[in-house]
Amino acid sequence: MRETFVFNQGWEYTPEWKDEFIAPDFQADGFERVTIPHANKELPYNYFNEKDYQFISCYRKVFNYDPSWNGKKVFVDFDAVMAYAEVYLNGELLGSHKGGYTPFSIDLTPALTEGENVLVVKVDSTERPDIPPFGYVIDYLCYGGIYRDVYLRVVDPVYIQNVFAKPKKVLEQEKELETTVYISNTTDKAQTLDITVKLLWEGSLVAEGTETVTAESGKSQFDVVISGLKDILLWDIDNPNLYNVEVTIGEEGSVRDSFKTRIGFREAVVKADGFYLNGEKVMLRGLNRHQSFPYVGYAMPARVQRKDADILKYELCLNAVRTSHYPQSPHFLDRCDEIGLMVFEEIPGWQHIGDEEWKQVSYEDVREMIERDWNHPSIFLWGVRINESQDDHEFYKETNRIARELDPTRQTGGVRYLEGSDFLEDVYTMNDFIHSGGERILRDPKFVTRTEDYVPYMVTEFNGHMYPTKRFDQEERLVEHAMRHLRVQNAAALDPHISAAFGWCAFDYNTHYDFGSGDRICYHGVMDMFRIPKMAAHFYGSQVDPKVKPVLEPATLWTLGERGGAGVLPLVIFTNCDSVKVKLHGKEVGEFYPAKEKYQGVPYPPVVIRELKTGIWGVQWYDAEFIGIVDGEEVTVKKFAAAPVPTKLEIEADDTTLIADGSDATRVVFKVVDQVGNILPYLNEVIEFEIEGSGTLIGPKVTGLIGGCIATWVRTTGEEGTIKIKGVTTRFESETIEIEVKK
Ligand code: GAL
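Residues numbered from 1 in each chain as written. Predicted model: local features only at pLDDT ≥ 70, side-chain atom pairs only at ≥ 80, totals over all residues. Heavy atoms only, no water.

K.L.:
Would you explain the overall build of the protein in this entry?
P.N.:
A tally of regular secondary structure across the protein gives seven helices and 48 strands. The C-alpha radius of gyration of the protein comes to 27 Å, within 12% of the 27 Å expected for a compact globule of 743 residues. The principal-axis extent of the C-alpha atoms belonging to the protein is close to 90 × 65 × 50 Å. Relative to its full complement of 743 residues, the protein shows a buried share of 61%. Long-range contacts, defined as pairs at least 24 residues apart, comprise 69% of the intrachain contacts of the protein with a sequence gap of at least 6. Carbon and sulfur atoms make up 46% of the accessible area of the protein, which amounts to about 28,100 Å² in all. Across the protein, the centroid of the 79 positively charged side chains sits 3 Å from that of the 118 negatively charged ones. (Helix = DSSP H or I, 4+ residues; strand = E, 2+ residues; numbered from the N terminus. Rg over C-alpha atoms; globule rule 2.2 N^0.38 Å. Buried < 20%, exposed > 50% of the residue type's maximum accessible area, 1.4 Å probe, protein only. Contact = heavy atoms within 4.5 Å. Areas by Shrake-Rupley, 256 points an atom, 1.4 Å probe, with all protein chains shown as cover. Lys, Arg positive; Asp, Glu negative; His and termini not counted. Charge placed at Lys NZ, Arg CZ, Asp CG, Glu CD.)

In C-alpha cells, the structure reads:
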C-alpha cells in the first residue's frame, strides 16, 4: 500500500544559489527555516520592483530514511514550483521540471540512503524565455518559490501512476463508469494483477468492478468498466453530488497499491445555442480569477485557495470561473467540485508564443494540466491556446490533438481576441472588449467567428483595462464600473449564441510596471486584492434567489457632494428584492421597482431611481433607509447616515479554527465603519495588527487602511494553542478575535 506524507515542513531556504549547496555535507547555517507553500520573497502591497522575486534560490530538506521503505519506490511530488526546478538528493541530480503551474514527481529511490538524506531544490524564478508564459510581456506576476504543497510518496515497485474515472451514459437510467488505470511496473518482469475499482457514495460501496491483467515491465494502461449503475445522483451547480472512486491493484487479497479520486456524474457541453449541463441549458455567469494575493503572491495554503472559490460562488453568486491564465491550485478546484462552480481551465501563457523548445514545454503543460485535473466534474473545458496569442496552425493543432487524445470527454477552447481566427477548437472563446460605455455591448458571435453558421461560443473576458476602477474611486466611476458588468452580462444572456460571459476580473492583482496603474496593481477586479467588494461586486452578489439571501446594496456613499453636479441620482440599487421602499429622515418617500424591461437578461435587475427629492446642496441632507420587500414582507434594510462619523473598527476572521502545521492561514478583515455600519472609504489611517500566540502575520504589522478597510492573513506557526489578533488605528481599537490552533 502506498503511504503519502505531507512534506511541507522543515525546509531550509536561502534566496541565492551556489553549486556548493548541492553537497550533502554542506552546512546550511545561514539558511532560514520555512514551511511550504513559500514565497521566495515577501513583497510590499504595491510600488515594488517586479525583479525583486526573479532570482534563483535554494530549498533544502534533511530527512531520515525509514526501514519500512526497503524494496519500495520513494517519490517527492511537487504541486508547483516557479518556474524551473532541479532536484538533487545526496548530491545527485535526479530530475528537473520546466513550468511553474503544473505538478511533477521525482523518483528519489536511486540516490536514497539509509539514515540521513539531503534533498536540495534549485528553484529558478526568473522569467526564462524558454518557459511559458515568459519571453515577452505578461499582465500579471509569476511569483517565485515552492509555492504549492510538497508530498513524499512511498509505493510498491508496481504502482498506480494515475486514474481517469469517466462517467458514461450519464443521462441514461443505467449509467456507466469507465476507469482507465495507468500502471507503472518498475520491475523487469510482467506482473499479473487484479485491478479493483470501487465506486463509493459517502463511504458506502455503490458498485465494484475487477479485471485481471498482465502489466508488462514499464508503463501500461487498463480499462475497468462498471455498467448498469442505477440510482446515481447527478452532479450539477445546485447539487454537486460527488462520488469517491478507489482503485487498488494486487493479487489474491494482497493489495500492492491504491489510488483515490473523486468524481461527479454530469454531462457538460457547449453548443452553438448555449451551454448544457445534464441536458439543461444554463447561462454561465463568471469572472476570471488570478491566484495571487498581497505580499506572498501565489503562496497561500489550501484554506485560502478554497475560500476564493467560496467567495466566487457565495459572495459573487457566480456559476463559473475561468482560471486565467494557468492551471490553478488543486485545493481551489476541489472546492469548485464541492460547491458546484463550473471551471474553464487553461494552459499558462499570455499573448506570446516562443520557439520550438518553448512549444515543447507548452505541450507538456497541456498534458500535465489534463492528467492532473481530468477527474474534476467542475472542469468543463480545456483552454489549449496561449491567451490572446496570434494564430499558429501547427502549434494549436497539436495542443488540441493532445487534449482530445488524453481526454475525449471534454471540449477544447482557446482564448483569443481575434476575429475570424483559425478555429481548431470545439468552442470559440473570445475576449470581447468592445463595450466602452456606449451603445455597443458585445459583438455578434458569427461576425467574430466568420463561420457560416453559429458555433459554440463564449465570451471569456470583457471590461478590465477598458475601465480600471479602485474600490476607493469616485462614486460615479464605481457605479459605471458596476453597470458595465451588468450591461455585458445582460447582453450575453440575451444572445442565444453566447454560452457564457466571464468578466475581467474577480480580484485586483499585482502586475508588471507596463500594465496597471503604475503601482504594480491592475485595478480590474470587482473586489480588491483583499477580496473586499467594490460596487460591481454587488451587481454579481445580487444575482441570487432572495429566499437564499435577500440582497440590497444601493450603489452610493449617500453624500450630497461626492458626484459631479451634486446628489446621488440616478441611484442604482443592486437587489434581488421585489421592490425597495425609501425613507428619508424616517419618512417614506417612495417605493421603487427593478428595471426588468431594460435588463431582461439577468435574473435580478437593479432598481434605478432617477427622480427623488433627496436634499438641497449645502442646506439639507437626510439620513436614508432602504427597505427591501419580498412577497410583501420587509426582508432587509440598508441605512445611511447623513453625517457619517467613524464609530468603530470592526474585525472579522474567515475562520476561528486553524491547523497547527505552519502553513494554514486565514484572512482577517478590518473596517472602520460609521454609526450605521458603512465603511468610510476615504479614511486612510495607520493600522497596527497586534498578534499573540501560535500565529504570525503574512505581510506588514503596521500599514495604512486602504479606503477605510484592509485585511491581513494570519498564519499558524506550527505550535498548538490560540492566536489572538486585534487592530489598532489612531482612533480605534478593534475587539480581539481568538483563533484556535489544533493539530
Ligand atoms: C486581456 C488579458 C488579461 C488582462 C486583461 C485586462 O487582454 O487577457 O490578462 O490583461 O486584458 O483587461
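Past the structure itself, the notes keep going.
K.L.:
Before we go on, may I ask you to explain the sheet that holds strand 4 (residues 56-64) in this structure?
P.N.:
Across a sheet, strands are paired by hydrogen bonds formed along the backbone, either parallel or antiparallel in direction. If you trace the six strands from one edge of the open sheet to the other, you get 3-2-4-9-6-7, paired in antiparallel fashion. In this open sheet, the two strands that pair with only one neighbour each are strand 3 (32-34) and strand 7 (92-98). This sheet shows a mean twist of 25 degrees between the axes of neighbouring strands, independent of strand direction. One ladder, built from six bridges, connects strand 6 (residues 84-89) with strand 9 (residues 116-124); its direction is antiparallel. Considered in strand 9, the bridge of Tyr84 is made with Asp124. (Pairing = 2+ DSSP bridges. Axes fitted to C-alpha atoms, helices over the stretch in contact; angles between N-to-C directions.)

K.L.:
For this particular structure, what's the right way to read the side chain of Ser389?
P.N.:
Structurally, Ser389 can be placed in the loop between strand 24 (379-383) and helix 4 (393-406). A distance of 2.8 Å separates a polar atom in the side chain of Ser389 from the backbone oxygen of Ile386. For Ser389, the contacting residues outside a window of four places in its chain are Gln351, Ile353, Tyr396, Val415 and Leu418. (Polar contact = N/O pair within 3.5 Å; in protein donor to acceptor, adjacent residues only side chain to side chain.)

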